[in-house]
Structures are given as C-alpha cells and as structure tokens.
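Coordinate inspection notes
Take a look at the letters that make up each chain.
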Amino acid sequence: MKYDRYEKSSGDWLGSDELQELEELKITMDALVREGRFDEFFSLFDPTASLALQEKNYSLLIDLNLNRSKIYYNIGDIQSCIADLKKLTEWIDDYGTDGQRISYLNTYASVCGELGNQEKNLEYLNKAKSLAIAVNDIYSVCKIYNNLGVFYLVEKQPENAVEVLLEALRLSKQLDHEQEDELVVYIRLNLSKGYTDLGEFQKAEELFDFLFSHMEGKQMIKTSIYALQYKGFWFKAQKRYEEANDILLKAKDFASRNNDLILLEEINKLLVEVSTELGDKDRLIAIQKDYIDILLKIKEINLNQNIIQIEMTQNEKQYESISTKDPLTSCYNRRYFEKTIEKWLKDAETTAQLIGFFILDVDYFKQINDQYGHLVGDDVLKFISNLAKEFLSSYDSIFARYGGDEFVGMVKVSSRNELMDLIDHLYGKISNTIFETDEENIAIQISFGVSTNSNGMVTEYKEIFKLADDALYESKRNGRNRYTMNS
C-alpha cells in the first residue's frame, strides 16, 4: 500500500475512487434489499443516487429506483411506487438493460392492476412477457405468468388463472433455490384464490397452511395482507361468515397500519358483504362508514390519473447537490476532505499552525467480509467511524472515509506531544474494542500512520499523505494493530 493511491491532475478529481465507492454501495444496497433492511436502504438511497448521477451511472440509478419502487409496492405505498416509476422514464429506454426493462414493465403493470386499470395491466404484462421470452429470462417469465394469473382472477376467469399459475410453478423448478423460494410464495398465494373461486377448498387450504407458515417472522407485509384477505374470502365462499369476519378484521387492521388504501377498499367491501350475511346492522353501518372514508381518500389522492399520466420528469435538481458526507458511515467523504486539507495547509503556511494528519486502516478487514458477509463489514466500518467521530468531536478536526476500510483525519494541535497523546487515546478507544454480531464477537484491530505539516513547512496534501502512508506501512510491517509516527 503506497502513496500513489492519491493522484491529482489539473485540479480535477479522478473518477476511479468514486467508481469503487459506487461498486461498494451497490453491493451494500443489494444486500439490504435481500435481507429486508428497508430503513437502511432508504437512508442510503439519496446519497447513493446522487453519486451515481454525478458519475452518470444510469444503470445503477435504474436499479436503485426499481428496487425502491418494488419495496414501496410491497409495503402498500403506491404513491411512492408511482413516483419512482416516473423517475425511471428518464433512463429506462436509453440506458436500461433487457432485464431492467422487463422489471420496469412488470412493476408498471402490477401498479395498473392494483389501481383497477386492467386494460393497461394486460398491455404491459404482454410487453414484458414478449421481451422476457425473447431473451429467455425464465425468472421474469415466471413472475409475469404469476401476474397474468392475478389478471385472470380479477377478470373472474379462475380456470385461466390456475392454468397460468401452474405453468409458472412448473417453470420455477428451473430456477436456483433462492429465486424459486421467493417466487413460489406469490404463485401459491394466487393459486389459493384460484382454487377457492373454483370451489376446490381442500387444495386452497393446503396452500394457506404453507403460506402462513412460510411468512411467519418475515417482512412480507403486502403478501401477508393478501393471504389474510384470501383466507377470509375462502371462509366466505363456504358460508363460514363469523370466521370470515374475524380474519378480514385482522387483514383490515394490518392494511390500515400500513396505510394501504387500495387493499383497505377491497377488504372493507368483503366485510360489508359478510356483515350483510350475518345480519349485523350496527357492524354493517360502521364498516360502510369506513368504506366511504377510504373511497374519499382514494378519490382525493387520484392515483389513477397519476399512473395513466406518467411522463418525463427532471430529477437533476434532486441530486445536483452532492453530499459532503460518506453515505455509509456519515463521516466526511474523501472529496470534501481533500479540498479542506488543502485549505488548511495553505492557511498554515502563513500561521505556522501545527496540523496532525493520520491514516487509519482496519486490520484483516477482508477476512471480516469473507467470514461474516458484506453487511457485517459495513457495520464494522460504521462502528469504527462513530467511535472516532465521538472522540475527535472535542478537537478542531475533520475525520473522513478515504475509501474501502481506510479512514483519514486531520487535527489542529499545539505541539507534537499533544498530537501523539491524541493518537494514543484514539487508538486505545478503538483498538481491541468488541463488535457484537449474531454469530460471534469481533475484536477490532486497527493500524495508524501519522504525520504533520511541520508547522506550515509541508504545504502539499500528497506530501503529508505520503509521510503518513509510509508510517502506516511500517505499522503493517511490524505486526499491525499499532500506530507509527513519521519522524
């Protein structure tokens, strides 16, 4: 590890570090989606999208908005899902891959179906299906057949629905286990409704048993509401009205807590029918009042008009202000740090201010990533960053993530002894602290390289960086988990 990692030419920041940062962020964002850590995905979204737009990485922008639109759809936030679909119209035709276009068309079709626009739903499903078949994308074909099954259910064609859903189930056997496991939940959910419509209640019940067992403890909000709703319909179809009422009330409560107005409308409509069969006038009046309130809210939001009029929008303003903070750790980013230290060094040339500079590197970080996974590695970086920021907050200092598992810091001090005392305490605060994971505890080890501007004599960033980088090399060469001051 030598100082030539830092390069500057004609005042322009080279893009290689930003590209590396984007690649790391993409890995993190994909992992957060897979593990259902949606709050963390949302918090990282804007800074990641900002950097992607700056680097003109439209493929990543498309992936980000596709993932977020699907999350919004699955948690019942249709308005936000539509907003992301609008953004995608800027990039999907010119920069999207076949897979991204298929995903976009399929999601768009699903939203149209959710809003009752079945003509648009079928139109975009067929577009997605043609493209998926042309490129032999079996996973997408299965998803599209599943959505076609939903279309046929809405159109009161349960025979056609069951036929395409069984075909989707058959095709899913060609997928790897992880893809198949995710997809068969949705296929079996819709099959349960198809079998109920056909009066094949035993087959439907077996599917419900699988669904409720599979979803237990998982963040599958929209799927869970549908499962409760379909089970209520299953009870109603057998004239088991009290049981239908009880489970539909659970579905209503779940949909209400997630502000899913579209599903609330469907569930309340079923509850009105069930209460009518039970002859419970008081309950019927209360449900009808709720039903009217929901319809008024939907009218006010006017989602249908919004989805039909999707058009080109300009999003540059949202991202044109690039954050000074590193998206993952929330400490300063390299870009801001390099610009700031140049100003500090220039000012110190006239004031003779002593500036301490250090590079902090996490020892054996690749082993942490390999053994515990990328998200645990990210959490370790956030843990170290928080400890360092907390310690340095009482000093005139700046702490930044330089890239990967490497951090840099600068601090104004009165003497070399004060700097060494500061580094010693910072090293002691972080080194050999314990980071707890679900599997086991990780003892954090770090190496430092430290240098100074020699009270204004060192005026170039690359020079003070090289001095610290050489010192860091000595720390690594001498066994790691230590600090070295460049004399």
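Refer to the structure above for everything that follows.
A few points on the structure.

Thresholds applied
- Residues numbered from 1 in each chain as written.
- Predicted model: local features only at pLDDT ≥ 70, side-chain atom pairs only at ≥ 80, totals over all residues.
- Heavy atoms only, no water.
- 1 Å grid on protein atoms, 1.4 Å probe; cavity = no way out; pocket = protein on both sides within 12 Å on 5 of 7 lines; lining within 4 Å.
- Points joined across faces, edges and corners; volume = space filled by probe spheres on them.
- Nonpolar A, V, L, I, M, F, W, Y, C, P; charged D, E, K, R; others polar.
- Buried < 20%, exposed > 50% of the residue type's maximum accessible area, 1.4 Å probe, protein only.
- Helix = DSSP H or I, 4+ residues; strand = E, 2+ residues; numbered from the N terminus.
- Pairing = 2+ DSSP bridges.
- Axes fitted to C-alpha atoms, helices over the stretch in contact; angles between N-to-C directions.
- Parallel < 35°, antiparallel > 145°, perpendicular 65-115°, else oblique.
- Left-handed = near helix turned anticlockwise from the far one by under 90°.
- Contact = heavy atoms within 4.5 Å.
- Salt bridge = Lys/Arg side-chain N within 4 Å of Asp/Glu carboxyl O.
- Phe/Tyr/Trp six-rings, centres within 6.5 Å; stacked < 30°, edge-to-face > 60°.
- Core = buried A, V, L, I, M, F, W, Y, C linked by side-chain atoms within 4.5 Å.
- Arc of directions from axis to C-beta.

Tallied over the full model, the rule gives 2 cavities of 30 Å³ or more. One number sums up the size of the second largest cavity: a volume of about 30 Å³. Looking at the second largest cavity, the residues that line it are Lys26, Met29, Asp30, Phe41, Leu60, Asp63, Leu64 and Asn67. Of the residues that constitute the lining of the second largest cavity, the class distribution is 4 nonpolar, 1 polar and 3 charged.

Next up on the list: the pairing of strand S3 (residues 397–403). S3 sits mainly inside the fold: 6 of its 7 residues count as buried. Pairing of strand S1 (residues 332–333) with S3 involves 2 bridges; the strand directions are parallel. Paired with Tyr332 across the bridge in S3 is Ala400. Bridge analysis of S3 against strand S4 (residues 406–413) gives 6 bridges, and the strand direction is antiparallel. In the sheet register, Ile398 faces S4, and the bridge partner there is Met410.

Remark: helix H3 (residues 58–74) packs on helix H4 (residues 78–88), axes separated minimally by 8 Å, with the N-to-C direction vectors making an angle of 160°. Judged by the inter-axis angle, H3 sits roughly antiparallel to H4. The element H3 and its partner H4 pack so that their crossing is left-handed. Side by side, H3 and H4 meet where Ile62, Asn65, Leu66, Arg68, Ser69, Tyr72 and Tyr73 of the first sit next to Ile78, Ser80, Cys81, Asp84, Leu85, Lys87 and Leu88 of the second.

Before going further, it helps to examine the pattern of salt bridges. The tally for this structure, following the rule as stated, stands at 27 salt bridges. Between Arg334 and Glu338 there is a salt bridge; the shortest N-O distance is 2.8 Å. Remark: Glu338 and Arg334 occur in helix H18 (residues 334–351); sequence separation between them is 4 residues, near one turn of the helix. The buried category is assigned to Glu338, whose relative accessible area is 3%. In this structure, Asp347 engages Lys343 in a salt bridge whose closest nitrogen and oxygen atoms are separated by 3.1 Å. Residue Asp347 and its partner Lys343 are located together in helix H18, separated by 4 residues, close to a single helical turn. Owing to a relative accessible area of 36%, Asp347 belongs among the partly exposed residues under this scheme. Given the relative accessible area of 52%, Lys343 is considered exposed. Through salt bridges that share partners, Glu35, Arg37, Glu40, Asp379 and Lys382 make up one connected network.

Attention now moves to the sheet that holds S4. The sheet built from 6 strands is open, its strands ordered S1-S3-S4-S2-S7-S8 with mixed pairing. Each edge of the open sheet carries a strand with a single partner, namely S1 and strand S8 (483–485).

With the rule as written, the count across this model stands at 25 aromatic pairs. Aromatic side chains Phe41 and Phe45 sit 6.1 Å apart centroid to centroid with 55° between the ring planes, which places their arrangement in the tilted category. Remark: Phe45 and Phe41 occur in helix H2 (residues 38–54); sequence separation between them is 4 residues, near one turn of the helix. Since its relative accessible area comes to 0%, Phe41 is described here as buried. On the basis of relative accessibility, which here comes to 0%, the residue Phe45 falls in the buried class. Ring geometry for Trp234 and Phe235: centres 5.2 Å apart, planes at 65°, overall edge-to-face. Residue class for Phe235 comes out buried when judged on its relative accessible area of 9%. In this structure an aromatic cluster arises from ring pairing among Phe358, Phe399, Phe407, Tyr427, Phe448 and Tyr483.

Phe358, Ile384 and Ile430 are the most contacted members of the largest nonpolar core, which totals 129 residues. Not counting residues up to four positions away in its chain, the partners in contact with Ile384 are Leu360, Val362, Phe407, Ile430, Ile444 and Ile446. With 19 residues, the next largest nonpolar core counts Phe337, Ala348, Ile355 and Ile464 among its residues.

With that out of the way, let us pick up helix H19 (residues 365–372). Taken residue by residue, H19 has Phe365, Ile368 and Tyr372 as its buried positions. One side of H19 carries all its buried residues, which in axial view fall inside an arc of 60°. What points out from H19, more than 90 degrees from its buried face, is the exposed set Lys366, Gln367, Asp370 and Gln371. Next to the buried residues of H19 lie strand S2 (354–362), helix H20 (374–392) and strand S6 (441–443).

In this section: the pairing of S4. Across the 8 residues of S4, 7 count as buried, placing the element largely inside the fold. The sheet contact formed by S2 and S4 spans 8 bridges and is antiparallel. In the sheet register, Ile359 faces S4, and the bridge partner there is Val408. Here S3 hands over to S4 after 2 residues, with Gly404 in that stretch at a positive phi of 60°.

All we've got here are geometric facts, nothing functional implied.
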